Amino acid sequence: MVVNLSAILLFGIAAVFIVRAKAGGIGPAIVLFLLGFFTAGTGADEPIRSLCASVFNFLASLRP
């Protein structure tokens, strides 16, 4: 639950900056897509959450 709330907060803040900057492209589209899935809680939520956790764990392992 804590990861879910922090992810929603992170993607929400990123979405606000994207909308204010009127940015377009694949990066902003992915952020808004992930925000939608985290907030909707659909059946596809679990695979996307696992993918995000794997990416975050990989990025955390890059730090020395």
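Residues numbered from 1 in each chain as written. Predicted model: local features only at pLDDT ≥ 70, side-chain atom pairs only at ≥ 80, totals over all residues. Heavy atoms only, no water.

### Some remarks on the packing of helix α2 (residues 26-40) against helix α3 (residues 45-61)
When two helices pack together, their arrangement is given by the angle between their axes and by how far apart the axes lie.
Then, number 1: For the pair α2 and α3, interaxial distance at closest approach is 9 Å and the crossing angle is 125 degrees. As judged from the angle between their axes, α2 and α3 are oblique. When the axes of α2 and α3 are compared, the crossing they make is left-handed. Residues Phe33, Leu34, Phe37 and Phe38 of α2 lie in contact with α3, whose contacting residues are Asp45, Ile48, Arg49 and Cys52.
Then, number 2: In terms of residue class, the contact of α2 with α3 is built from 6 nonpolar, no polar and 2 charged. (Axes fitted to C-alpha atoms, helices over the stretch in contact; angles between N-to-C directions. Helix = DSSP H or I, 4+ residues; strand = E, 2+ residues; numbered from the N terminus. Parallel < 35°, antiparallel > 145°, perpendicular 65-115°, else oblique. Left-handed = near helix turned anticlockwise from the far one by under 90°. Contact = heavy atoms within 4.5 Å. Nonpolar A, V, L, I, M, F, W, Y, C, P; charged D, E, K, R; others polar.)

### Remarks on unusual backbone geometry
Then, number 1: Non-glycine residue Lys22 carries a positive phi angle of around 55 degrees.
Then, number 2: Along the chain, the position of Lys22 falls in the loop between α1 (2-21) and α2.
Then, number 3: Residue Lys22 is classed as exposed on the basis of its relative accessible area, which comes to 76%. (Buried < 20%, exposed > 50% of the residue type's maximum accessible area, 1.4 Å probe, protein only.)

### Quick notes on α2
Then, number 1: In this model, α2 (15 residues) spans 21 Å end to end at C-alpha, consistent with the 21 Å of a helix rising 1.5 Å per residue.
Then, number 2: Among the residues making up α2, those that are buried are Pro28, Val31, Leu34, Leu35, Phe37 and Phe38.
Then, number 3: At the C-terminal side of α2, Gly41 shows a positive phi close to 70 degrees. (Expected span 1.5 Å × (residues − 1).)

### Regarding α3
Then, number 1: Over its 17 residues, α3 runs 24 Å from end to end, which matches the ideal 24 Å to within 8%, given 1.5 Å per residue.
Then, number 2: What α3 keeps buried is the set Asp45, Ile48 and Cys52. Angular distribution of buried residues about the axis of α3 spans 75 degrees; they occupy a single face of the element. Turned more than 90 degrees off the buried face of α3, the exposed positions are Pro47, Leu51, Asn57 and Ser61. (Arc of directions from axis to C-beta.)

### Thoughts on the nonpolar core
Proteins that are soluble and globular tend to have nonpolar side chains buried together.
Then, number 1: Listed in full, the 11 residues of the largest apolar core are Ala7, Phe11, Ala15, Ile18, Val31, Leu34, Leu35, Phe37, Phe38, Ile48 and Cys52.
Then, number 2: Those elements giving two or more residues to this core turn out to be α1, α2 and α3.
Then, number 3: Broken down by element, this core gets its largest block of residues, 5 residues, from α2. (Core = buried A, V, L, I, M, F, W, Y, C linked by side-chain atoms within 4.5 Å.)

### Comments concerning the environment of Leu34
Then, number 1: Structurally, Leu34 is set in helix α2.
Then, number 2: The class for Leu34 is buried, based on a relative accessible area of 12%.
Then, number 3: On a C-alpha basis, the gap between Leu34 and Gly12 in space is 9.8 Å, while along the polypeptide they are 22 residues apart.
Then, number 4: Apart from residues lying up to four places away in sequence, Leu34 is in contact with Phe11, Ile48 and Cys52.

Note that every value here comes from positions in space, so none of it alone points to a role or purpose.
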